[in-house]
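Listed below, chain by chain, are the residues.
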Amino acid sequence: MFSSGGPPGDEDLRRLYDATAPMLVRVACRIAGSEEAAEDIVHDAFVQIVQKRLPFPSLDDAKYWLIRVVKNGALNYAKRRGREARAYERWWRGERESSAAADEGLLKGESAEELKAALETLPEGLKAVLVLKEYGGLNYKEIGRVLGISEGNVKVRAFRAREALLARLGEGSKHVS
Amino acid sequence: MCPDRGLLSAYADGEVPSPWNARIAEHVAGCAACGSALERYASLGRRLSSEPLPNEKAIVARGRERLERELAARAAGRTAPAFGSLPRAGRAWGRSLSLPLPLAAAAALVLFLLAGLTTANLLAGGREARPALAAAEIAPEGAEQASMERILRYLDSQNAQVTLTINLPSETDFGEAGTPVIVRAPKVRPVQAAEGEAP
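(A) The overall build of chain A, seen in detail. Of the regular secondary structure elements, chain A holds 8 helices and 0 strands. Counting all 177 residues of chain A, 36% fall into the buried class. The contacts of chain A with a sequence gap of at least 6 include a subset with a gap of at least 24, amounting to 71%.

Right, here's the structure in full:
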């Protein structure tokens, strides 16, 4: 695979797609917050490889390139859509919390929705690390390679992202050691 | 003493290297606070990744079809249409070329300039046939090669009452930029040599 080191051939691309597409779709979807957008973002990344005949030394290089491009595309989409959407979400969550606070069961049932909303409110750098970790299934080293930061930085960001997320969900640790 | 939360977060991700890995496991087993913190991180991960993406398979399958269309389009040597069916293969010659107007104008300009340059080069080739510059002899005391110093000395001795013509090398060749080659490579013997012969 990619033995030539040149632009990947048709078979290489099919293999690359099958190996990475599910993960890319998940990552794009979580960051962009839209399935339609995720589909287009992933497709656009592959189109670039096909049409520009981008050369990759190995399957891994292609994979990291794809993750980076998809991550950036999804972040851009989220940013474009961001300001107004965030305003709506804030209002929506506030509304729900006040009306549904009495009903514990309802709150539990919607916890997935709540988690997603909380994830959306995280700063970009933290969100990207957590999404790549939990949805992309990448390890710290790989995340560092995709984001262009050190492994140590990934570790710190993963921790901060979790703490921020738990705090937003009202489940944060009571004390800071 | 408890490990800090950052370390627990890394531990939850399986990113703590070997000797510490076991020590943390041992500590967490006996420490309620760390145990619950670790559980919070782990459950967050579980909840995130278990959150369903119901259309994932469909999206991936659609993407695969779109990829196939792109590959077919590449094989056919053209980019895929944004919508519609597979492009017909083998039509690379028959299709018409459409360019936006500014691009067409730019292309025309480039062609025009290229044509101009080529013509200029052809004309420059013809310039070589031009006759060498007019020449006459300067023969101070019969010397064929004259240094400027000797010429001046000669003129001085003749009280400047002499008609002088300087013979330029016959292969005078003016370069493309207008720099005469003679300036760069005068066909004159070094002064020392000429002086050395004289006495």
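(B) Just the overall build of chain B, in detail. A count of helices and strands for chain B gives 8 helices and 0 strands. Along chain B, helices and strands appear, N-terminal first, in the series α-α-α-α-α-α-α-α. Counting across all 199 residues of chain B, residues that qualify as buried make up 11%.

(C) Fine view of the packing of helix α1 (residues 10–32) of chain A against helix α2 (residues 35–52) of chain A. Residues and elements named next belong to chain A. Here α1 crosses α2 at 145°, and the two axes come no closer than 8 Å. Seen from above, α1 lies across α2 with right-handed handedness. Across from L13, Y17, A21, L24, V25, A28, C29 and A32 in α1, the residues of α2 making contact are E35, A37, A38, I41, V42, F46, I49 and V50. Among the residues making up the contact of α1 with α2, the classes are represented as 15 nonpolar, no polar and 1 charged.

(D) The arrangement of helix α1 (residues 5–12) of chain B in detail. Most of α1 of chain B is tucked away, with 6 of its 8 residues classed as buried. Listed as buried for α1 of chain B are R5, L8, S9, A10, Y11 and A12 of chain B. The elements touched by buried residues of α1 of chain B are α8 (151–168) of chain A together with α2 (18–30) and α3 (32–50) of chain B.

(E) Inspection of the environment of H43 of chain A at higher detail. Along the chain, H43 of chain A falls in helix α2. Assessed through the 20 C-beta atoms surrounding it within 10 Å, H43 of chain A is described here as buried. Considered as a pair, H43 of chain A and V25 of chain A are 18 residues apart in the sequence and their alpha carbons are 9.5 Å apart. Those residues within four positions of H43 of chain A in sequence are excluded, and the remaining contacts are G63 and R66 of chain B.

(F) Summary view of the nonpolar core. All names here are of chain A. Counting 59 residues, the largest nonpolar core has L24, V27, A28, A38, V42 and V70 as its most contacted members. With 12 residues, the single largest contributor to this core is α1. Apart from the residues within four sequence positions on either side, L24 is in contact with V42, L66, I67 and V70.

(G) Local environment of the interface of chain A and chain B. Listed as interface residues are 35 residues of chain A and, on the opposing side, 31 residues of chain B. Of all the secondary-structure elements, those providing two or more residues to the side of chain A that touches chain B are α1, α2, α5 (111–120), α6 (124–134) and α8 of chain A. Ranked by residue count, the leading element in the side of chain A that touches chain B is α2 of chain A, at 9 residues. Considering only residue class, the side of chain A that touches chain B consists of 20 nonpolar, 5 polar and 10 charged.

(H) Representation of the packing of α6 of chain A against α8 of chain A. All names here are of chain A. With their axes 8 Å apart at the nearest point, α6 and α8 run at an angle of 95° to one another. Looking at the two axes, α6 sits roughly perpendicular to α8. Across the interface between the two elements, G125, L126, K127, V129, L130 and K133 of α6 pack against V154, R157, A158, R160, A161 and A164 of α8. Of the residues belonging to the contact of α6 with α8, the class tally is 7 nonpolar, 1 polar and 4 charged.

(I) Layout of the environment of I31 of chain A. Within the secondary structure, I31 of chain A is located in helix α1. Excluding residues within four positions of it along the chain, I31 of chain A makes contact with K71, A74, L75, A78, K127, A128 and V131 of chain A.

(J) α6 of chain A, seen in detail. With 9 of 11 residues buried, α6 of chain A is to be regarded as a mostly interior element. All of the buried residues along α6 of chain A are L126, K127, A128, V129, L130, V131, L132, K133 and E134 of chain A.

(K) Layout of unusual backbone geometry. For R53 of chain A, which is not a glycine, the phi torsion comes out positive at approximately 50°. Owing to 12 C-beta atoms within 10 Å, R53 of chain A belongs among the exposed residues under this scheme.

(L) Broad picture of the confidence of the model for chain A. Put simply, chain A has an average pLDDT of 82, and 77% of its residues get 70 or more. Below a pLDDT of 50 lies the segment residues 100–109 of chain A, which in the model reaches 2 contacts outside its immediate sequence neighbourhood of four places, other chains included.

(M) Layout of the confidence of the model for chain B. All names here are of chain B. In the predicted model, chain B carries a mean pLDDT of 72, and the fraction of residues at 70 or more is 56%. Taken element by element, the predicted model of chain B shows its lowest mean pLDDT in helix α8 (residues 191–197) (49) and its highest in α1 (92). Scored below 50 in pLDDT, residues 80–92 shows 14 contacts in the model against residues more than four places distant or in partner chains. Below a pLDDT of 50 lies the segment residues 128–143, which in the model reaches 20 contacts outside its immediate sequence neighbourhood of four places, other chains included. Scoring of the predicted complex yields 0.57 for pTM and 0.73 for ipTM.

Basis of the calculations
- Sequence order as written defines the numbering, with residues in each chain counted from 1.
- Starting at A for chains and at 1 for ligands, labels are handed out in the order in which the entities are written.
- For a predicted model such as this one, the threshold for reporting local features is a pLDDT of at least 70, and the threshold for listing and counting side-chain atom pairs is 80 or more; totals across whole chains, interfaces and linings nevertheless cover every residue.
- Strands here mean DSSP runs of E at least two residues long; helices mean DSSP runs of H or I at least four residues long; both are numbered from the N terminus.
- The burial criterion counts other C-beta atoms lying within 10 Å of a residue's C-beta, which is placed from the backbone; the residue is buried at 20 or more, exposed at 12 or fewer, and partly exposed between these limits.
- Whether two residues are in contact is decided by their C-beta atoms, placed from the backbone, lying within 7 Å.
- Throughout, an axis means a line fitted to C-alpha atoms (over the contacting stretch in the case of helices), and angles, computed between N-to-C directions, take values from 0 to 180 degrees.
- Each helix crossing is assigned a hand: it is left-handed if the near helix lies turned anticlockwise from the far helix by less than a right angle, otherwise right-handed if that turn is clockwise.
- Asp, Glu, Lys and Arg are counted as charged, while Ala, Val, Leu, Ile, Met, Phe, Trp, Tyr, Cys and Pro are counted as nonpolar; the rest, among them Gly, fall into the polar class.
- For the purposes of this analysis, a nonpolar core is taken to be any set of buried Ala, Val, Leu, Ile, Met, Phe, Trp, Tyr and Cys residues that are connected through C-beta atoms within 7 Å.
- Roughly parallel refers to an angle under 35 degrees, roughly antiparallel to one over 145, roughly perpendicular to one between 65 and 115, and oblique to any angle outside these ranges.
- Confidence of the predictor in every single residue is expressed as pLDDT, which spans 0 to 100.

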